[in-house]
Amino acid sequence: MRTPSRRRIYAVFKARNREFLRDRSSLAWNILFPVLIVIAFAVIFRGEGAVEQYKVGLYPLAAERQPATPFLATRGLDAIPQDDLNAALRKVEHHQLDLLLDLEGRRYWVNDSSPKGYLLERVLWGTAGHGFAKQTVSGRAVRYVDWVVPGVLATNMMFSCLFGVGYVIVRYRKNGMLRRLKATPLSAFEFLVAQVASRLWLILGITVLVFLGTNAFVHFTLHGRYLDLLLVFTLGAISLISLGLVIAARTASEELAGGLLNLASWPMMLLSGVWFSLEGTHPWVQKLAQLLPLTHVVEAARAVMLDGAGLAEIALRLVVLALMALLFLLLGALGFRWE
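Residues numbered from 1 in each chain as written. Predicted model: local features only at pLDDT ≥ 70, side-chain atom pairs only at ≥ 80, totals over all residues. Heavy atoms only, no water.

Enquirer: Would you mind showing me how to read the pattern of salt bridges here?
Expert: Any two side chains of opposite charge can pair if their charged atoms end up close together. Inspection of the entire model under this criterion finds seven salt bridges. R8 is the partner of E190 in a salt bridge, and the nearest nitrogen-oxygen pair spans 2.9 Å. Within this pair, whereas E190 is found in helix α7 (residues 188-218), its partner R8 is found in helix α1 (residues 6-22), the two being separated by 182 residues in sequence. D228 is the salt-bridge partner of R225, the closest N and O atoms lying 3.0 Å from each other. Look at D228 and you get buried, because its relative accessible area is 4%. (Salt bridge = Lys/Arg side-chain N within 4 Å of Asp/Glu carboxyl O. Helix = DSSP H or I, 4+ residues; strand = E, 2+ residues; numbered from the N terminus. Buried < 20%, exposed > 50% of the residue type's maximum accessible area, 1.4 Å probe, protein only.)

Enquirer: Looking at this structure, I do not really get the packing of aromatic side chains. What am I missing?
Expert: By convention here, two paired aromatic rings are described through the distance between centres and the angle between planes. One pass over the full model with this rule turns up six aromatic pairs. Aromatic side chains F336 and W338 sit 5.3 Å apart centroid to centroid with 80° between the ring planes, which places their arrangement in the edge-to-face category. Note on accessibility: F336 and W338 belong to one class, buried. A network of ring pairs unites the aromatic residues F159, F163 and W266 as a single cluster. (Phe/Tyr/Trp six-rings, centres within 6.5 Å; stacked < 30°, edge-to-face > 60°.)

Enquirer: Explain the packing of helix α5 (residues 144-174) against α7 to me, please; I cannot follow it from the model alone.
Expert: Between α5 and α7, whose axes approach to 10 Å, the crossing angle comes to 150°. The angle between the axes of α5 and α7 places the two elements in the roughly antiparallel class. Helix-helix and strand crossings are classified by hand; for α5 and α7 the assignment is right-handed. Along the contact surface, α5 presents V145, L153, N156, M157, S160, C161, G164, V165, I169 and Y172, while α7 presents F191, L192, Q195, R199, I203, I206, T207, V210, F211 and V218. (Axes fitted to C-alpha atoms, helices over the stretch in contact; angles between N-to-C directions. Parallel < 35°, antiparallel > 145°, perpendicular 65-115°, else oblique. Left-handed = near helix turned anticlockwise from the far one by under 90°. Contact = heavy atoms within 4.5 Å.)

Enquirer: Help me out: how do you make sense of the pairing of strand β3 (residues 99-102) in this one?
Expert: Every other side chain in a regular strand lies on the same face of the sheet, so the side chains alternate between the two faces. Side chains of β3 alternate between two faces, with L99 and L101 and L100 and D102 buried alike. When strand β1 (residues 54-58) meets β3, the two strands line up parallel, connected through three bridges. Counted as the bridge partner of L58 is L101 from β3. In this structure, β3 lies alongside strand β4 (residues 107-111), joined through three bridges in antiparallel fashion. Within the sheet, the bridge partner assigned to L101 lies in β4 and is Y108. Hairpin connection between β3 and β4: a loop of four residues separates the two successive antiparallel strands, and R106 in this loop has a positive phi of roughly 55°. (Pairing = 2+ DSSP bridges.)

Enquirer: Looking at this model, I keep getting lost on unusual backbone geometry. Mind explaining?
Expert: The phi torsion of most residues other than glycine is negative, and most of the peptide bonds are trans. Residue R106 is not a glycine yet carries a positive backbone phi of 55°. Locating R106 in the fold gives a position in the loop between β3 and β4. In this structure R106 comes out as partly exposed when scored by relative accessible area, which is 37%.

Enquirer: Help me out: how do you make sense of a nonpolar patch on the surface in this one?
Expert: Residues V208, L212, L227 and L230 make up a contiguous nonpolar surface patch of roughly 360 Å² in combined accessible area. Elements with a minimum of two residues in the nonpolar patch: α7 and α8 (226-248). Relative to the assigned elements, V208 resides in helix α7. (Patch = residues over 30% accessible without salt bridge, like charges linked within 9 Å, V, L, I, M, F, W, Y side chains within 5 Å. Areas by Shrake-Rupley, 256 points an atom, 1.4 Å probe, with all protein chains shown as cover.)

Enquirer: Honestly, the confidence of the model for the protein in this entry has me stumped. Any pointers?
Expert: Low pLDDT means the predicted atomic positions in that stretch should not be read closely. Of the residues in the protein, 85% reach a pLDDT of 70 or more, and the chain-wide mean stands at 81. For the protein, per-element mean pLDDT is lowest for helix α2 (residues 24-44), which scores 64, and highest for α8, which scores 92. (pLDDT = per-residue confidence, 0-100.)

Enquirer: I would appreciate a short explanation of α5 in the present structure.
Expert: In an α-helix, one turn spans 3.6 residues; hence positions three or four apart end up facing the same way. Its 31 residues place the ends of α5 44 Å apart at the C-alpha level, agreeing with the 45 Å of an ideal helix rising 1.5 Å per residue. Burial analysis of α5 places 26 of its 31 residues in the buried class, which makes it a mostly covered element. The first or second residue beyond α5 is G176, which carries a positive phi of 90°. (Expected span 1.5 Å × (residues − 1).)

Enquirer: For this particular structure, what's the right way to read the sheet that holds β3?
Expert: Whether parallel or antiparallel, the strands of a sheet pair through hydrogen bonds between backbone atoms. Taken in spatial order, the five strands of this open sheet run β2-β1-β3-β4-β5, and their pairing is mixed. With one partner strand each, in any of the chains shown, β2 (77-81) and β5 (133-137) form the two edges of the open sheet. Between one strand axis and the next, the sheet turns through 25° on average, direction left out of account. Where β4 lies against β5, five bridges are found, and the strand directions are parallel. Among the inter-strand pairings, Y108 is bridged to a residue of β5, identified as K134. Relative to β4, helix α3 (residues 85-93) is tilted by about 40°, and along the sheet it contacts β3, β4 and β5.

Here it is as C-alpha cells:
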C-alpha cells in the first residue's frame with residue numbers, strides 16, 4: 001500500500017471547496033436557514049416557553065414506586081422521574097422543572113423566583129400539609145430560544161454533513177467523475193480524507209458564523225467555554241460526515257441516496273431532543289436516542305451552554321461521538337467503490 005500523498009489530498013480538498021463556494025444558492029441557504037429558524041423561535045417564544053403544563057421532578061427514581069400523594073394527582077401536573085439530584089437541581093434553577101419532590105426524604109426544592117413553583121408549593125401544602133421540608137434554589141429562567149439553539153445548529157450541521165458528502169459522492173459516481181479519478185494516482189483513502197476535511201472546515205465555518213451572527217441579536221446563554229462548544233461540534237461534524245460516507249460508499253442512484261439520507265436524518269431530527277425534551281417519554285425512545293450521533297451533539301452542546309459543563313462532564317458523550325466517527329469511517333472506507 002503506497003503512502004498517502006498530501007499534495008493529492010490537498011488538490012481534491014481545494015477543488016471540493018471551490019465547487020461548494022461557487023454554488024452561491026447552496027451557500028446562502030446553509031447560512032440563512034438556521035438564522036431564520038433561531039429568529040423565529042426568539043420572536044414566537046418570548047417567554048419561558050410555549051408549554052404551560054406544570055413540571056414536577058420526582059427524586060429518586062424509586063419514588064415512583066412509593067404510595068402516590070394527592071398532590072401528584074393534580075390536573076395539569078406532569079411528574080418526571082429524575083435519577084441525578086444535581087442535574088435535577090440545575091433544571092429547577094433554570095425553571096425547566098417547576099418543583100423537585102423527594103417522597104422518601106419528605107422534602108422539596110423550589111426556585112424562589114419561579115411563579116409556577118410558588119403555585120405548586122401552595123398546592124403541595126394544601127394536599128399534603130406541611131409534611132415536606134422546603135429547600136430553595138436560585139437561578140434565572142432559560143428562554144426556549146436558548147434551549148433550542150444547540151439543536152438548530154446541530155440539525156443544520158447534520159443536513160449539511162450528510163447531503164454535502166453523501167449526495168455529492170453519489171453524484172460523482174453517477175456522472176463518471178469517480179471513474180476518471182480512479183485512473184489517476186489518487187487512492188480511495190486520499191479521496192475520502194479530502195472530502196471529510198473539506199466538508200468539516202466548511203461546516204464549522206458556517207456554524208461559527210451563524211452562531212456569532214444570531215448571538216449578536218438574540219444574546220444566547222453561554223455558561224461554558226467556547227472551545228468546549230467548538231470541540232463538541234467538531235466531533236459531531238466528523239461523525240455525521242462519516243455517516244454520510246457509509247451511505248454513499250456503494251450507492252449509485254441519486255434517488256436511492258436521497259431516500260437513505262432522509263431515512264438517516266429524519267429520525268435523528270425527531271428523536272434527538274432537538275425541538276422538545278425527551279424527558280417523560282417511553283424508556284425505549286430514550287434508549288434509541290442514545291444510538292443517534294445527533295443526540296450526543298445536542299446534549300453535550302446544551303450542557304456546555306446552559307449548565308456550564310466542562311470537558312469532564314461531557315467526556316462520555318465526546319468519547320461516544322469519537323467512536324461513532326471511527327466506526328463510520330472504517331465502514332465507509334472498506335465499502336467504498338469507484339464505480
